[in-house]
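Architecture and fold: a report
Here are the chains, one letter per residue:
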Amino acid sequence: MSVPRYGHIVVLSGAGLSAESGLSTFRDNGGLWDSHRVEDVATPEAYARNPDLVQRFYNERRAKLADVQPNAAHRALGRLQQAFDGQVTLVTQNVDDLLERGGARDVIHMHGELLKVRCVPCGTVHGWRDDCTQATRCPACGAAPGMRPDIVWFGEMPYHLDRIYAALGDCDLFVSIGTSGNVYPAAGFVAEVRRAGYAHTVEINLEPSAGVSYFAERRHGKAGEIVPDFVESLLKGEAP
């Protein structure tokens with residue numbers, strides 16, 4: 001049996017991972033996200049200005065999850081977390097559930113989740129698969145309106161940063177998959193890892209990201225083709 005080279009792997013995934021399953025991303029469409037400007041559907045100001053539009057947008061995206069399936073990269077990361085003889089921390093900027101459906105058992109969703117809604121008045125988060133509107137009452141406190149998508153919009157603080165930075169400081173391998181390198185704080189994670197001075201860093205992306213120069217190793221191409229082979233090499237203790 002091969003001895004794993006690494007003890008704690010942190011994987012950051014971004015929109016490019018789920019794009020291969022057919023989920024659209026605004027960065028691939030000239031600033032549009034499913035034909036909507038980000039400023040109109042993904043900011044607190046947009047929600048305050050037109051909550052009905054924002055609710056419809058996320059209802060549509062939530063419904064689309066039923067039409068897509070995890071790809072080979074999702075499944076490979078699920079296998080890594082299940083089979084690796086060490087710690088694997090999966091951090092994602094994505095709000096879908098494809099990593100979980102691919103077999104991952106513990107995913108840190110730093111930008112929230114489509115399948116959850118949050119009550120603004122009482123702060124309770126609920127698992128949610130149906131439509132949510134301004135007329136939807138909170139199951140906990142009964143408030144309406146007040147139920148919003150549990151999504152971190154532009155201008156809001158990402159979730160679980162304490163846990164993420166603790167993992168970044170502890171890991172000996174950091175892998176970034178399908179990220180643009182433009183959205184902070186995630187774009188700064190590789191620099192955080194480099195400050196510790198001992199972790200190996202790998203970028204897996206369709207093309208070089210904005211932060212490619214920070215990575216010691218770069219593998220460019222489709223995640224669905226690269227990630228499964230990379231995971232198998234990790235499980236065999238053969239990865240650099």
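Residues numbered from 1 in each chain as written. Predicted model: local features only at pLDDT ≥ 70, side-chain atom pairs only at ≥ 80, totals over all residues. Heavy atoms only, no water.

**A short note on the overall build of the chain**
- Across its full length, the chain holds nine helices and 11 strands.
- Principal-axis analysis of the C-alpha atoms gives the chain an extent of 55 × 35 × 35 Å.
- Counted over contacts in the chain with a minimum sequence separation of 6, partners at least 24 positions apart contribute 65%.
- Element-wise, carbon and sulfur atoms account for 48% of the exposed surface of the chain, whose accessible area totals about 11200 Å². (Helix = DSSP H or I, 4+ residues; strand = E, 2+ residues; numbered from the N terminus. Contact = heavy atoms within 4.5 Å. Areas by Shrake-Rupley, 256 points an atom, 1.4 Å probe, with all protein chains shown as cover.)

**Describing the UniProt feature "active site" (unreviewed entry) in the chain**
- In the numbering used here, UniProt assigns the feature "active site" (unreviewed entry) to His-111.
- Along the chain, His-111 turns up in the loop between strand S5 (107-109) and strand S6 (112-119).
- What makes His-111 buried here is its relative accessible area of 14%.
- His-111 has contacts with Thr-92, Gln-93, Val-95, Asp-150, Ile-151, Val-152, Pro-158 and Val-183, leaving out every residue within four places of it along the chain.
- Separated by 3.2 Å, the side chain of His-111 and the backbone oxygen of Gln-93 make a polar contact. (UniProt positions renumbered as here; feature names shortened; annotations may be inferred. Buried < 20%, exposed > 50% of the residue type's maximum accessible area, 1.4 Å probe, protein only. Polar contact = N/O pair within 3.5 Å; in protein donor to acceptor, adjacent residues only side chain to side chain.)

**Examining the packing of helix H5 (residues 72-83) against helix H9 (residues 223-235)**
- Following both chains from N to C, one finds H5 and H9 inclined at 15°, their axes separated by 7 Å at the closest point. One finds that H5 runs roughly parallel with respect to H9. Of the two elements, H5 crosses H9, and the hand of that crossing is left-handed. When H5 is examined against H9, the residues Ala-72, Ala-73, Ala-76, Leu-77, Arg-79, Leu-80 and Ala-83 are found in contact with a partner set consisting of Ala-223, Gly-224, Val-227, Pro-228, Val-231, Glu-232, Leu-234 and Leu-235.
- Counted by class, the contact of H5 with H9 contains 12 nonpolar, one polar and two charged residues. (Axes fitted to C-alpha atoms, helices over the stretch in contact; angles between N-to-C directions. Parallel < 35°, antiparallel > 145°, perpendicular 65-115°, else oblique. Left-handed = near helix turned anticlockwise from the far one by under 90°. Nonpolar A, V, L, I, M, F, W, Y, C, P; charged D, E, K, R; others polar.)

**Remarks on helix H4 (residues 51-64)**
- The end-to-end C-alpha distance of H4 is 20 Å, a good match for the 20 Å that 14 residues give at a rise of 1.5 Å each.
- Among all positions in H4, only Pro-51, Leu-53, Val-54, Gln-55, Phe-57, Tyr-58, Asn-59, Arg-61 and Arg-62 are buried. (Expected span 1.5 Å × (residues − 1).)

**Overview of the sheet that holds strand S8 (residues 147-151)**
- With antiparallel pairing, the three strands of this open sheet are ordered in space as S7-S6-S8. The sheet is open, and its two borders are formed by strand S7 (125-127) and S8, each paired with just one other strand. When the angles between neighbouring strand axes are averaged without regard to direction, this sheet yields 40°.
- Here three bridges tie S6 to S7, and the two strands are oriented antiparallel to one another. Note on S7: the bridge partner recorded for Val-117 is His-126. (Pairing = 2+ DSSP bridges.)

**Quick notes on empty space enclosed by the protein**
- A full pass over the atoms with the stated rule returns one cavity of 30 Å³ or more.
- Empty space within the largest cavity amounts to approximately 40 Å³.
- If you go around the largest cavity, the residues you meet are Leu-17, Ser-18, His-74, Thr-92, Asn-94, Asp-96, Leu-98, Leu-99, Glu-100 and His-109.
- The set of elements that each furnish at least two residues to the lining of the largest cavity consists of helix H1 (15-19) and helix H6 (98-101).
- Among the elements that make up the lining of the largest cavity, the one with the highest residue count is H6 (three residues).
- Across the lining of the largest cavity, the residue classes break down as three nonpolar, five polar and two charged. (1 Å grid on protein atoms, 1.4 Å probe; cavity = no way out; pocket = protein on both sides within 12 Å on 5 of 7 lines; lining within 4 Å. Points joined across faces, edges and corners; volume = space filled by probe spheres on them.)

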